[in-house]
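Tertiary structure, described
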Amino acid sequence: MPPKKAAAKPNVSAEELLGHYREMLLIRRFEEKAGQLYGMGLIGGFCHLYIGQEAVVVGLEAAADEGDKRVTSYRDHGHMLACGMDPKGIMAELTGREGGFSKGKGGSMHMFSKEKHFYGGHGIVGAQVPLGAGLAFSDKYKGNDRVTFAYFGDGAANQGQVYETYNMAELWDLPVIFVIENNGYAMGTSVVRSTKSPSLWERGAAYGIEGEEVDGMDVLAVKAAGERAVAYCRAGKGPYILEVKTYRYRGHSMSDPAKYRTREEVQKMRDERDPIEQIRDMLLTGKHASEDDLKAIDKDIKAIVNEAAEFSKESPEPALEELWTDIYAKVEG
Amino acid sequence: MAIEILMPALSPTMEEGTLAKWLVKEGDTVSSGDIMAEIETDKATMEFEAVDEGIIGKILIEAGTEGVKVNTPIAILVEEGEAVPSADTAAPAAKQDAPQETAPAKAPATVAAAAPVTDTTPDWGADVEVKPTTVREALRDAMAEEMRRDPDVFLMGEEVAEYQGAYKISQGLLDEFGAKRVIDTPITEHGFAGIATGAAFGGLKPIVEFMTFNFAMQAIDHIINSAAKTLYMSGGQMGAPMVFRGPNGAAARVGAQHSQCYAAWYMQVPGLKVVMPYSASDAKGLMKTAIRDPNPVIFLENEILYGKSFDVPVMDDFTIPFGKAKIERAGDDVTIVSFGIGVTYALTAAEKLAEEGINAEVINLRTLRPMDTETILASVRKTNRCVTVEEGWPQGSVGGYISNVIMQQAFDYLDAPVINCTGKDVPMPYAANLEKHALLTADEVVAACKQVTYR
Ligand SMILES: Cc1ncc(C[n+]2csc(CCOP(=O)(O)OP(=O)(O)O)c2C)c(N)n1
Ligand SMILES: [Mg+2]
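Notes on the structure follow. Here the structure is a predicted model, which means the values were calculated and not measured. (Residues numbered from 1 in each chain as written. Chains lettered and ligands numbered in written order. Predicted model: local features only at pLDDT ≥ 70, side-chain atom pairs only at ≥ 80, totals over all residues. Heavy atoms only, no water.)

1. Structural notes on unusual backbone geometry
As a reminder of what qualifies: Secondary structure is summarised from DSSP: a helix means a run of H or I of at least four residues, a strand means a run of E of at least two, and numbering begins at the N terminus for each. To sort residues, take the accessible area from a 1.4 Å probe on protein chains only and compare it with the maximum for the residue type: under 20% means buried, over 50% means exposed, and anything in between is partly exposed.
Here B:Arg369 and B:Pro370 are connected by a cis peptide whose omega angle stands at 0°. Within the fold, B:Pro370 resides in the loop between β20 (367-369) and α11 (373-383). Residues other than glycine seldom take positive phi values, yet A:Asp326 does so here, at roughly 65°. Within the secondary structure layout, A:Asp326 lies in the segment after α11 (291-314). Backbone geometry at B:Gln164 places phi at a positive 70°, although glycine is not the residue there. Positionally, B:Gln164 belongs in the loop between β10 (153-157) and α3 (173-177). By relative accessible area, which is 16% here, B:Gln164 ends up buried.

Right under this line is the structure:
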C-alpha cells in the first residue's frame, strides 16, 4: 500500500482541498441516497453507482474550463454532479419525474444538459468514445479552443470503435481527452480476464497518442494529470489519454451480487485508499480544517441530498402527452 | 483470328460512355496492358488497357463519340498478316446492346419463406410425463443436451462462463463443459460475432449469447453480411451453422437504448432463421432445433419470460420443428396471431373476450422465418377476422407482413380489415407511467378484437 500522501502536497490551499472534499462528498452521499431510493422502488431499471470513483471526475472537472464538454457511459451521476448539474434534476430523472433533466424520459443511464455541456449518459458500452471525438471535432471545426472529456471504462476499452476513434482523433488532431476509468472490472470480468495488454493507456501509442496512468484515488494527482492533458489538447496537439486507476465499491448495478471479488478486497480499498478519507486526513493533519468544520460540510451536503430526494419524490410523473413529444425536431420555416 | 474490342463497363453503374481519345491508331501493335484509349464514364475518365496481343486492324468508333453503349465493338484486333473483316460481320447485331437479361425464375410464392402445410400434431404425446420448468432452465437444458450430443457446439459471450450468464441462462455450463466450450469474451460484440461466424465457416457450431439483443446492433454487420449471406455468396459451399441468442425487447424501466424488439428487423433477412419462443417447452424444443440447424438462427428470448414456469415434456430428445405454429387456444370468432411475450397479451385478451362471449383462436407463431402462414390462413378462413399482436414498432412490423399475406391469400374470407396491435411508435421512455403507455396491453388487444368482430 502506498503511504498516505497527507504531507506530500504542501502547496495546495485549504480552500482547494475543502472544495474537493465537498464535491466528492456530494457525489458519495447522493449515490448512497440513490441506492436507498432504488431499494424503496422509487428508482427502477438499471442504476450504476459511482461510489469509490469520486476523485476521478472531481479532479478532472477541476482542470476543466467553462465551455469544455464531457460525455460518459451509464455510470454518469458523478459526472453530472461534478460539472455542476442540479442534484434535484438528476435525482428526479432517476425517479422518472417531470423535474428530471430529461423530463423523466431518459432515466439513470440517459441524461443530458446542454447548458453544462454534458452530452450524456450512454447505455451502449463504448458508444460515447467516438461521440466524444465528434464533439471535439465540432470545436476544432468552429475554431475555438475547447476540449472534450470522453470517459469510458476498462471494459469499454476493448470495443473496436475505441480504436477506430483513436486513429481518427490523432489523424485529425482532435482536442479530446480519452479518460479510461479503470475500476478493475467490467461487470464481473476483471481486466486481466479480458485482455493480455492490461496497460490500457499504452494502446494509444499504436496510434501515436500520448497519455499516462494516474492514481484515481488521489484527487490531486488526477487534477494535475488533467491539467497536463488539457494544456496539451488546448494547444492543438491532438488527443491525450488518461488511464485513471480507480475502484468501484458497489456492485456493477443494483442487481449485481459481485461474487467475482472478495469482501476483503473491497474493504482494503475503502480502508487504505478512499479518496474522500485521504483529503479528510490532509485537511485535519495540515490543520486546514477542524472536525467541526468538516461536520458542518457534512451537514450541508446531507441537506442538499435530502432536498434532491424530496424533490425527486414530489415532482409529478411526466404528462402522458410526453410519450409523443421529442421524437422529431421541428422543421423550421 | 480477329478479336472485337468492346466498349468496357468501367463502373458498376455505367451503361454508356464517351470514347474520349484513342491512344493507338490503325496498324499499331498492342500487347496486354498497353493503354489503348481514354473513356469517360458517369464518374471519371478511365484508361482502357488491351487484354490481348495483336494489331489494331480497324477503329470502329471515332474518338469523341458520346453515348457509346457498353459492349459495343469499338475496334478490331487482328493477327500479323490477317485481313480486317468488314464492320458488319465483325459486329453482329446481338452484340450491339448489353446482353439481354433473362427473366428471373419466379419466386416460389408471393411470400418470402415457403410455408409448410398445416400440421396440428401436438408437440408431445398425451402419455408423456411433464415437468414444470422455467424458460431460463429450459434454455440451459437445451444447450447442455446439445453440447453433450455434439462436441462442436460451444457457447461464447459476455459473462456466460464464470458469472454464469448476466441473466443466469448458462448456469452450470462452465462446470460441466469447461472453459474450452463456455467462453467469456471481452465487451466486443462486433469482434466476437465475427469470430464465431468464422468458426462456423470452419465447421464449428457456435452459440453466441448477446447480453441483450440491443448490443447485437454492434454486431449486426456480421450477423447479416457474414453469417446470413455466405451460403448464397459461396454458391452453397459454406455457411454459418450457428445460433445468435439473448434477451430481446423491453425488460422493465431500462429506457430507450435497452428496450427494443428486433423481431421484424431480423425476419426481413433471407438466410437467417428467426425464432421467438413463448413458453419453456417452445424454448427448449426450438433451441435444440436451432443448434442443429445448418443455418444462422436468431433466437429472440425475453427477460420477463425467463422466470415463468411451464410444462416441459420429460423426454430424451424433445425438439420442435421450425415453421410450425402452435394453436394455444382454439376459437372461431377471431384469430389472434402473436409470438414471444406477445402471446401473454393474446391469451389474457382471449380470456377477457370469452367472458363477453367472443371466442378467440390464439396462434403462437414460434418461428417468424420460416413462418407458418398456412396455420394463420386456415384459421382466418374459419374466423374471417384477424388481429396481430407484437411488442415492436408499427411501421415495418411482423403484423404488417402477416396482413399482407392474408390480403393476398385469404382476401375473400375477410369480414374486417386486419388490425395490428403493436408497441407505440416511440423510443421506450423511462418514466414508469410513460413506459406503461408505450407498451402493448391486453386491453388494446381486446378492443381490436371487438372492432374486427363489430361488437
Ligand atoms: C455494447 C454493449 N455490450 C454490453 C453491454 C452490457 N454492459 C453494460 S455495462 C457493462 C460493463 C462495462 O464495464 P466498464 O466499461 O469497465 O465500465 P464500468 O461499468 O466498470 O464503469 C456491460 C457488459 C452494454 N451496455 N453495451
Ligand atoms: Mg470497469
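Moving on from the model shown.
2. Considerations on the side chain of A:Gln278
Residues and elements named next belong to chain A. What counts here: Here a residue-residue contact requires only that any non-hydrogen atoms of the pair lie within 4.5 Å.
Tracing the backbone shows Gln278 in helix α10 (residues 275-285). Given the relative accessible area of 12%, Gln278 is considered buried. Apart from residues no more than four positions distant in its own chain, Gln278 is found in contact with Met217, Asp218 and Arg273.

3. Things to note about the site of ligand 1
For clarity, the threshold we go by: By convention in these notes, a residue is near a molecule or strand provided one of its non-hydrogen atoms lies within 4 Å of it. Polar contact is defined as a pair of N or O atoms within 3.5 Å, subject to the rule that within protein one atom must be able to donate a hydrogen and the other to accept it, and that residues adjacent in sequence are counted only when both atoms are side-chain atoms. Note on areas: Shrake-Rupley, 1.4 Å probe, and residue coverage restricted to the protein chains presented here. When residues are grouped by polarity, Ala, Val, Leu, Ile, Met, Phe, Trp, Tyr, Cys and Pro land in nonpolar, Asp, Glu, Lys and Arg in charged, and all others, Gly among them, in polar.
In the neighbourhood of ligand 1, 22 residues make up the surrounding shell, with A:Tyr74, A:Arg75, A:Gly123, A:Asn183 and B:Glu189 lying closest. One chain alone does not account for the residues near ligand 1; they come from chains A and B. Take A:Arg75: an N or O atom from its side chain is 2.8 Å from an oxygen atom of ligand 1. Within the side chain of A:His252, one N or O atom sits 3.4 Å away from an oxygen atom of ligand 1. Here ligand 1, which alone exposes 580 Å², has 96% of that area covered by the protein. Of the residues assigned to the shell around ligand 1, the class counts are 10 nonpolar, 8 polar and 4 charged.

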